[in-house]
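Notes for the structure review
Here's the letter readout for the chains.
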Amino acid sequence: MLLIPCPWCGPRDEAEFHYGGQAHVPYPEDPASLSDEEWARYLFFRDNTKGPFAERWSHAAGCRRWFNAVRDTSTNEILTVYRAGEERPETVESRPATSQPSPANPARPALEDEAVQAEGGSGGTAPSGVEGAEPLEDGTGRGGGGETTQPFRHPTRGRIHRDTPITFTFDGTAYQGYRGDTLASALLANGVLQAGTSIKLGRPRGIFSAGVEEPNAVIQIEAPFPEPMLPATTVELYDGLVATSLPGQGRLATEPDPARYDAVHAHCDLLIVGAGPAGLAAAAAAATSGARVIVADDQPELGGTLLGTAELPDWVEETAARLDAAPAVRVLRRTTVFGHYDDNHLLAVERRTNHLGAQAPENVSRERVWRIRARRVILATGAHERSLAFADNDRPGVMLAASAHTYVNRYGVLPGRHAVVFTTNDSAYPTALELAAAGVSVQAVVDTRPEPGEWAERARAAGIEVLTGHAVTGTEGDARITAVTVAPYGESAGQREFAADLLLVSGGWNPVAHLFSQAGGKLRHDEELGTFVPDTCRQAVEVAGSASGVLDLGGVLAQGAAAGARAIEAEGYTPETPALPKPAAQPYTPAMHVFTVPGREAAPRFVDLQRDVTVDDLARATGAGMRSVEHTKRYTTAGTANDQGKTSGVLAGGVVAELLGVDISALGTTTFRPPYTPVSFAALAGRDRGALHDPIRVTALHQWHVEHGALFENVGQWKRPWYYPRDGEDMEAAVLRECAAAREGVAFMDASTLGKIDVQGPDAGVFLDLLYTNMISTLKVGMIRYGVMCRPDGMVFDDGTVIRLAPDRFLVTTTTGNAAAVLDWMEEWLQTEWPELKVHCTSVTEQWATVALVGPKSREVLGSLAPRLAVASEDFPFMAWRETAVAGIEARVCRISFSGELAYEINVSPWQALALWQALYEAGAPYGIIPYGTETMHVLRAEKGYPIIGQDTDGTVTPHDLGMNWVVSKKKPDFIGKRSFARADTARPDRKHLVGLLPEDPGTFLPEGTQLVADSVLPAPPVPMLGHVTSSYRSAALGRTFALAMIKGGRERIGERLYAPVGDRLVPVTVASPVLYDPEGARRDG
Amino acid sequence: MADTALAAPPRSPLAHAADRLAAATRASRGAIRLAELPFLTQVNVRLDAKGAAADAVGLALGLQLPLEPDTVVRAGESTALWLGPDEWLLVGPPGNERGLESRIREAAGDEPVSVTDVSAQRTTLLVTGSRARDLLAHGCPLDLHPRAFEAGRCAQTTLGRTQVVLVSRDEPRAGFWVLVRSSFAGYLADWLLDAATEYV
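None of the values given here were measured: they were computed from a predicted structure.

1. Quick word on the overall build of chain A
When its secondary structure is counted, chain A shows 22 helices and 54 strands. By principal-axis analysis of the C-alpha atoms, chain A measures approximately 115 × 65 × 65 Å. By the burial criterion, 56% of the 1086 residues in chain A qualify as buried. For chain A, restricting intrachain contacts to residue pairs at least 6 apart in sequence, the fraction spanning at least 24 positions comes to 67%.

This is the structure in structure tokens:
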């Protein structure tokens, strides 16, 4: 969401503003002197500039001022704002796209991805009952046993709580895990590797990773909350969890989700996304400066990759404790930042009680969406390990190397007993060594590099065979891998086979640049890393750690701390220099850039495991002529599953580059779009559900209507009584009864929803003459006039009455749905075109409650309650208003009729409305008074041919089309819309006119929207349409059905027979005058 | 008839919600206090801030109209809210709207001013307590941190799905006023009570 700087109120969310189109398009001084073409140019033609563009905005939900902004239409950046009436500034500068500071050391290997954000709780906001930020165990792995039931659980390693065993069910079998496990780690501990079958080919698939990038182990949770398609690697284990594997696709729950979801806005000087080594170092530099800092990380505990490698545990713990204690720092654990939008507006979802299972407190939201506006952002989002496209690379037991490292050190789980490690870079070696130390038999490290350097020596020293210049050419096994075939890279001879139940793969590292890219950042190809890294961005964003392509731990820490310091310094705070650990420098040999590996003939080489897309599929795409990764993505669906290609995107790009024989740097990546990980609709909807989905506006009399059985109609956000059925009545019977009371006796209606605008100032009359088509300034104080407003194109925009309260004061009423639009319209003209007019407009819609008292007996009822009011027609004529007490309540009584009957509108304070209403009900009882609703109001007005703007009109209708020439002044030199009435188009004889329609069978009802045709037999299509029904009712007064319609040349067709296709019939109808009841107007005075 | 109606007490937009607001306030044990402040006098004033009327009106009211956007000036029981460069809302104890209007018109003399009684247009919700900011942050996009929205500031903005005038009161522990259009008041009360679920 853009942050738009209101020239008065300062930066506010875009949602508070209305767009007003191109600026500096002044209303012509003398529209009458313009040719049709010149006038049309003013009305309809606007520039369509690429780049800086001056446009009008209104701070509609704020100070209601119109102003001008120069916005770059290609970047959406607001370059400057200035007040209405001011000149456009000569030059305005775009925000420069700044490069990421170059890291001290370029790409060096380190390990794993670095935390991709995370959790709930938070300083001072965690409500009681929610498990907060307490760190999980310290990694010593001490605790009770239970390993007999978890054969792959390491006896000591891991950060799991061995004293808190957890029982869960997967595919119908009960298992045990520990608090601190994910569903995936607990399954692995129990020897369950396969977690589903693939979506297209039905091949068995196993747990492939330990994080959000998981493509295979996407499972269905059945209880306690049904939820589809969750990566088992991200589901924290809790007691009572019931999950099932999926054939690549989940099922939506059939019952409503009973949990609460909510949202909260947050603001900060610095948001740090990811609390791995880089994010923690950045936070440490900023923590005590006083700057408002938010740290968000998707894991239950801070540390990121350090949790997986078990490095620097003390520093992680100390830093986390310092952050939790820092008053200006908010740490959000279990919180995934999933969207990065304009002006550093970021959305995150915090999983607050999911991990508590059925123990989750009911009054705490299960998930919370954070809407964060940050002055600066550091993205320390880590990197994802990439796989390789080799033959049969999808069997259960194939796993990303660093993920296995995480399973061993963080979860105390051995993902297999006999492992082969296949790598193109250094990062898999520490994993191999760690697994060997943990008791896994590492059969071989297969490295595509001919000379892997020091790391290979260390592996050999540990007794691990290293095959240099080799690659994996195939695998065996069904439910689990059983053997791995290797051969010299690129050759088929010299094969060797290893028995193994685990094949670890590392094809290199992809910085998690998703958020950076969403923020508008550009990526560049890094030759050394062989992947895409963040480059330039217009927003105040810095990327730190492996997300920036820096892979050695010491470099990551230094870069994070420097980024944190730079960010808060830029906001005027003084950073501290945190004491950073100094990890030992590690040997480094450059990675080899490999995407595809030749292997066994006809064996599939998968690129996107979740979509079952293979190298052959991509070859078909390039063979069909695709030359862009955006096209191959859509052709093959690679990267479109709910993992959004986190492990496969760059791999697919590399494969396509090879197929096309081009460099991957020339291909680029596909577009990263929010959300980074899937977010449920329930979380996005938050509390805007049910009764709070949309505001309900009610009048002061609402409760009375409810108590008296009214059914309600939505008019905009208002709830208006529709009709008041009595026992057993249907709508038709109730409306006929209500209409009869209004026409024959007396009835009353709550008309409080009409928009009301107080227009004050010496130029009020001049102003209203410009707005309305008819003359308003000649209205006498004490009198009322009906008026119509048009847009400059001459089309009717709104109508209502104007009451003259004083020489310089009018009260304007608008239609219920248009109140805000009319006020905005007035302000727009006053502020942008006619600032010299001394007039002000103020909404008073809710200052007054209005009751319409209608019917031949209304005078008696009013007279009995207003002893000081002379109610006789000659004393209180039509279209006059009086101030008096009604039922002892100060009131302004207007003689206005929207029904053709003698009628009054009584305006009182809404605080007194119920007393007035009850008094009218009582005083009217002898005359049979009843309340009526909007349906009856519509019937009564339609019988008189009064149009409803927005129902009978649609923005293409002039007052003349409505037969209201009388409301268009010929005396006024100009008013909005006048020039358009002289356009050829508005004078066409075949324009649609408002007419009445009488079905020849008086009982036949024409649905609104019914088309009208000339002939009794439908001709072959296209059938010429003459118009359509806009309103249709049954009339008590006419004793028949009738309708209003907009019909081409309708006034000239009065008396003609037309046909209305209703269902499979052509209903004959007669065109009539729209005024069907009391055409002489005899009933108006009672 | 007329006499009985006269005796009928005025009914505020949130009269029906008073019990629920009070119950939530009690249950939160000080975290949240919610209450309607009904019937406050509210008068909308429009005049040229640079013209002669501005000073004259300020003098007559004993209250300088604030010129800095989104700020409040308080004098005794009366408060003037900046709503726009030529627009203010005067808020005071109930029943004072006529007096205020005539004083302003008198002070302005021949200078053009617009004065409109809008006391019933909006009602006022008091939102205070230690978690008041957290409660409002569930639906208000403004930065309500004391550094950004200190006591004495006001803003026309949105809360939940409705427009409000938000005032950070400048008395100790006074919390916020939330002025809301009367027709939206029921929605907003429901919204606030629902948002408070976690704090009660």
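That was the structure; now back to the text.
2. Observations regarding the interface of chain A and chain B
Listed as interface residues are 56 residues of chain A and, on the opposing side, 50 residues of chain B. At the level of secondary structure, the elements contributing two or more residues to the side of chain A that touches chain B comprise strand 15 (261-273), strand 39 (755-760), strand 43 (840-843) and helix 21 (913-924) of chain A. When residues in the side of chain A that touches chain B are grouped by element, the largest group, six residues, is from strand 15 of chain A. For the side of chain A that touches chain B, the class distribution of residues is 27 nonpolar, 17 polar and twelve charged.

3. Thoughts on the sheet that holds strand 50 (residues 1011-1012) of chain A
Residue and element names in this part refer to chain A. Read from one edge to the other, the open sheet built from six strands follows the order 50-51-52-49-54-53, with strand pairing classed as antiparallel. Two strands close off the open sheet at either side, each with one partner strand: strand 50 and strand 53 (1057-1062). In terms of strand pairing, strand 49 (residues 992-999) meets strand 52 (residues 1040-1048) through six bridges, oriented antiparallel. The residue bridging valine 995 from the neighbouring strand is alanine 1045, located in strand 52. Along the sheet face, helix 22 (residues 934-943) touches strand 51 (1027-1035) and strand 52 and points at about 110° away from the line of strand 51.

4. Examining helix 22 of chain A
All names here are of chain A. Where burial is concerned, most of helix 22 is hidden: ten out of the ten residues are buried. The complete set of buried residues in helix 22 reads Thr934, Glu935, Thr936, Met937, His938, Val939, Leu940, Arg941, Ala942 and Glu943. Packed against the buried residues of helix 22 are strand 36 (711-715), strand 37 (718-723), helix 17 (731-744), strand 38 (747-750), strand 51 and strand 52. Immediately beyond the C-terminal end of helix 22, within one or two residues, lies glycine 945, with a positive phi of roughly 75°.

5. Quick notes on the confidence of the model for chain B
Residues and elements named next belong to chain B. Across chain B, the average pLDDT comes to 94, with 96% of residues at or above 70. Confidence drops under pLDDT 50 across residues 1-5; counting only partners more than four residues distant or on other chains, this segment forms 13 contacts. Reported confidences for the modelled complex are a pTM of 0.93 and an ipTM of 0.97.

6. Comments concerning the packing of helix 11 (residues 615-623) of chain A against helix 13 (residues 649-660) of chain A
Between two packed helices, both the angle of their axes relative to each other and the distance between the axes serve to describe the pair. Residue and element names in this part refer to chain A. At a minimum axis separation of 10 Å, helix 11 and helix 13 run at an interaxial angle of 50°. On the basis of the axis angle, helix 11 is oblique to helix 13. Here the hand of the crossing between helix 11 and helix 13 comes out right-handed. Of the residues in helix 13, those touching helix 11 at Val615, Leu618, Ala619 and Thr622 are Ala652, Val655, Val656, Leu659 and Leu660. Grouping the constituent residues of the contact of helix 11 with helix 13 by class yields eight nonpolar, one polar and no charged.

7. So, the UniProt feature "domain: GCVT N-terminal" (unreviewed entry) in chain A
According to UniProt, the "domain: GCVT N-terminal" (unreviewed entry) feature falls on residues 701-972 of chain A. The span residues 701-972 of chain A carries 26% helix and 28% strand; its end-to-end C-alpha distance comes to 41 Å.

8. Side note on the pairing of strand 4 (residues 78-84) of chain B
All names here are of chain B. When you tally the buried positions in strand 4, you get six out of seven residues, the bulk of the element. Of the pairings in the sheet, the one linking strand 3 (residues 72-75) to strand 4 comprises four bridges and is antiparallel in character. Directly across from valine 72, in strand 4, lies its bridge partner leucine 81. Where strand 4 lies against strand 5 (residues 87-92), five bridges are found, and the strand directions are antiparallel. Across the sheet, tryptophan 82 pairs through a bridge with tryptophan 88, a residue of strand 5. In this antiparallel pair of consecutive strands, strand 4 and strand 5, the connection spans two residues.

Parameters at a glance
Residues numbered from 1 in each chain as written. Chains lettered and ligands numbered in written order. Predicted model: local features only at pLDDT ≥ 70, side-chain atom pairs only at ≥ 80, totals over all residues. Helix = DSSP H or I, 4+ residues; strand = E, 2+ residues; numbered from the N terminus. Buried ≥ 20, exposed ≤ 12 C-beta atoms within 10 Å, placed from the backbone. Contact = placed C-beta atoms within 7 Å. Nonpolar A, V, L, I, M, F, W, Y, C, P; charged D, E, K, R; others polar. Pairing = 2+ DSSP bridges. Axes fitted to C-alpha atoms, helices over the stretch in contact; angles between N-to-C directions. pLDDT = per-residue confidence, 0-100. Parallel < 35°, antiparallel > 145°, perpendicular 65-115°, else oblique. Left-handed = near helix turned anticlockwise from the far one by under 90°. UniProt positions renumbered as here; feature names shortened; annotations may be inferred.

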